[in-house]
Amino acid sequence: MFQSLQDKLNGAFRTLKGKDRITDINVAATTKEVRRALVDADVNFKIAKDITDRIRETAMDRKILISVEPGQMFVKIVQEELTRLMGSNSESISIKGDPAVILIAGLQGSGKTTFSGKLAAMLKKQGKQVMLAACDIYRPAAIDQLKVLGEQIGVEVYAEPENKNAVAIAQQAIAYARQNGKKIVIVDTAGRLAVDEAMMQEVEDIKKALNPSEILFVVDSMTGQDAVNTAKTFNERLNFDGVVLTKLDGDSRGGAALSIRQVVEKPIKFISTGEKMEALDLFHPDRMASRILG
Ligand code: GDP
């Protein structure tokens, strides 16, 4: 497992014992430790460098404050900076329209279908009339998987297993929702193992046809640095509203959250921490900063 950044910094500051102030040299050595820790946590190298350059300035500004626990003080500065960079607050989703449409996009295996179920369960709990639409027409098990989840959480799933036109299915789902008093439709779309032109075109067409009030991009936190490139490609095509980071119950440090936020400038809105329907949380930048630092 990883050594915590706090331990590393305490080690780096050990030479400082007996001195009562921090010097340029101490700061240079410790910012290097911070940079290494960020890269270990899958933060993109350039982003890690930009962050640590800024942290170095802040630390020098606050050098006067440093007394007995310079390591802890340094960690606090880093923690504050990471939290600020990830947006400081949790962000909500936009639910507008009749019905409101929430479009879910991402690569196959990222956790789209599971997340669609979780979001439906969460909205239902809030008393919303919610429905799921199964528009993943390529993965044969996807429709069944969504139906099973729907049954489990007591949410209706609209599907047309024989229809191979995802846009048409999505449109029918909206019409069905209107006729049946459903106020929110969560549309689960198809994904491929890698970004693929046909898939991007299809999800773009669904977006045009449905005019969603919220588009969420789902990405597996375990994919590390690749997560950023995927996010960039999806954002260029879809201009999504927020990110869902999945599989944070695994041992990934979650640096993808920071890199994605910096590169695509969109907020992380939810984190998924397991296969169960309850394993969904709002994104809290301060908690993620602690996780990244270890
Ligand atoms: P999709 O292809 O994007 O729809 O992905 P799925 O929702 O089918 O998820 C792919 C696999 O990852 C399934 O086995 C899910 O049970 C699992 N999964 C999804 N989200 C999480 C999560 O947050 N943690 C863990 N451990 N597994 C997850």
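Computed from a predicted structure; not experimentally measured.

What counts, and where the lines are drawn
- Each chain carries its own residue numbering, running from 1 in the direction its sequence is written.
- Under the rules for a predicted model, residues below a pLDDT of 70 receive no local features and side-chain atom pairs below 80 are neither given nor counted, while totals for whole chains, interfaces and linings still include all residues.
- Computation of side-chain values: all heavy atoms of the structure, hydrogens and water removed.
- For helices the rule is a DSSP run of H or I covering at least 4 residues; for strands it is a run of E covering at least 2, with both sets numbered from the N terminus onward.
- Between buried and exposed lies partly exposed: a residue is buried under 20% and exposed over 50% of the maximum accessible area for its type, with that area taken using a 1.4 Å probe on protein chains only.
- It only takes one pair of heavy atoms within 4.5 Å for two residues to be counted as in contact.
- UniProt positions are given in the numbering used here, feature names are shortened, and annotations may be inferred rather than shown by experiment.
- Helix span is expected to be 1.5 Å times the residue number reduced by one.
- Here, the term nonpolar core denotes a set of buried Ala, Val, Leu, Ile, Met, Phe, Trp, Tyr and Cys residues that are joined through side-chain atoms within 4.5 Å.
- For helices, the fitted axis covers only the stretch in contact; all axes are lines through C-alpha atoms, and the angles between them, taken along N-to-C directions, range from 0 to 180 degrees.
- Roughly parallel covers angles under 35 degrees, roughly antiparallel covers those over 145, roughly perpendicular covers 65 to 115, and oblique covers all other angles.
- Crossing handedness is defined as follows: a turn of the near helix away from the far one that is anticlockwise and smaller than a right angle gives a left-handed crossing, while the clockwise case is right-handed.
- Classification convention: Asp, Glu, Lys, Arg as charged; Ala, Val, Leu, Ile, Met, Phe, Trp, Tyr, Cys, Pro as nonpolar; all other residues, Gly among them, as polar.
- Here a residue is considered near a molecule or strand provided that any single heavy atom belonging to it is located within 4 Å of it.
- Here a polar contact is taken to be a pair of N or O atoms separated by no more than 3.5 Å, where protein atoms must pair a possible hydrogen donor with a possible acceptor and residues adjacent in sequence count only if both atoms sit in side chains.
- Each accessible area is a Shrake-Rupley result for a 1.4 Å probe, and residues are judged covered by the shown protein chains and nothing else.
- You can read pLDDT as the predictor saying how much it trusts each residue, on a scale of 0 to 100.
- Here, any two strands with at least 2 DSSP bridges between them count as paired.

Caption draft 1: Structural detail: the overall build of the chain. When its secondary structure is counted, the chain shows 11 helices and 8 strands. Expressed as a percentage of its 294 residues, the buried residues of the chain come to 52%. Across the chain, every contact between residues at least 6 apart in sequence was considered, and the portion connecting residues at least 24 apart equals 77%.

Caption draft 2: Geometry of the UniProt feature "domain: SRP54-type proteins GTP-binding" (unreviewed entry) in the chain. Those places that UniProt annotates as "domain: SRP54-type proteins GTP-binding" (unreviewed entry) correspond, in this numbering, to residues 267-280. Note that residues 267-280 is 0% helix and 43% strand, and that its end C-alpha atoms are spaced 16 Å apart.

Caption draft 3: A look at helix H5 (residues 112-125). Here H5 is 14 residues long and its end C-alpha atoms lie 20 Å apart, about the 20 Å a rise of 1.5 Å per residue gives. With 10 of 14 residues buried, H5 is to be regarded as a mostly interior element. Residues of H5 that are buried include every one of Lys112, Thr113, Phe115, Ser116, Gly117, Lys118, Leu119, Ala120, Ala121 and Leu123, and no others. Two residues or fewer after H5 comes Gly127, characterised by a positive phi angle close to 90°.

Caption draft 4: Highlighting the nonpolar core. Ranked by size, the top nonpolar core spans 65 residues in total, and within it Leu82 and Ile260 carry the most contacts. Apart from residues no more than four positions distant in its own chain, Ile260 is found in contact with Val219, Ala227, Val228, Ala231, Val243, Glu265 and Ile268. Formed by 26 residues, the second largest nonpolar core is a distinct cluster that contains Ile184, Val244, Phe270 and Met277.

Caption draft 5: The packing of H5 against helix H6 (residues 140-153), seen in detail. Viewed as axis vectors pointing N to C, H5 and H6 meet at an angle of 25°, and their least axial separation amounts to 10 Å. For the element pair H5 / H6, the angle class is roughly parallel. Between H5 and H6 lies a crossing of right-handed hand. In this structure, H5 contributes Thr113, Thr114, Ser116, Gly117, Ala120, Ala121 and Lys124 to the contact, and H6 contributes Ala142, Gln145, Leu146, Leu149 and Ile153. Its residues assigned to classes, the contact of H5 with H6 shows 6 nonpolar, 5 polar and 1 charged.

Caption draft 6: Region of the structure containing the site of the ligand. Around the ligand, the structure places 16 residues, and the nearest of them are Gly109, Thr113, Thr114, Ser272 and Glu275. The contact in question runs from an oxygen atom of the ligand to an N or O atom on the side chain of Thr113, over 2.7 Å. One of the side-chain nitrogen or oxygen atoms of Ser272 is found 2.5 Å away from an oxygen atom of the ligand. Computed on the free molecule, the ligand has an accessible area of 580 Å², of which 80% lies beneath the protein chains in the complex. Sort the elements by how many residues they give to the shell around the ligand and H5 lands first, with 3 residues. Taken together, the residues of the shell around the ligand break down into 1 nonpolar, 10 polar and 5 charged.

Caption draft 7: Main features of the environment of Val264. Position of Val264 relative to the elements: it lies in helix H10 (residues 255-264). Accessibility expressed as a relative area gives 8% for Val264, which makes it buried. Separated by 35 residues in the primary sequence, Val264 and Asn229 place their C-alpha atoms 9.5 Å from one another.

Caption draft 8: Representation of the confidence of the model for the chain within the structure. The share of residues in the chain with pLDDT of 70 or more is 88%, and the mean pLDDT across the chain is 88. Across the whole predicted complex the pTM is 0.92, and at the interface the ipTM reaches 0.99.

Caption draft 9: Inspection of the packing of helix H8 (residues 197-210) against helix H9 (residues 226-238) at higher detail. The contact between H8 and H9 brings their axes to 10 Å, and the two run at 45°. The angle between H8 and H9 places the two elements in the oblique class. The handedness of the crossing between H8 and H9 is right-handed. Facing H8, whose interface residues are Glu197, Met199, Met200, Gln201, Val203, Glu204 and Lys207, H9 presents Thr233, Phe234, Arg237 and Leu238. Of the residues in the contact of H8 with H9, the class split is 5 nonpolar, 2 polar and 4 charged.

Caption draft 10: Broad picture of the sheet that holds strand E5 (residues 214-220). The 8 strands are arranged E3-E2-E4-E1-E5-E6-E7-E8 in an open sheet whose pairing can be described as mixed. Edge positions in the sheet fall to strand E3 (157-158) and strand E8 (280-282), since each has one partner strand and no second. In this sheet, strand E4 (residues 184-189) lies alongside strand E2 (residues 130-135) in parallel orientation, the contact comprising 6 bridges. Across the sheet, Ala134 pairs through a bridge with Asp188, a residue of E4. Running at roughly 165° to strand E6 (residues 242-246), H10 makes contact with E5, E6 and strand E7 (268-272) of the sheet.

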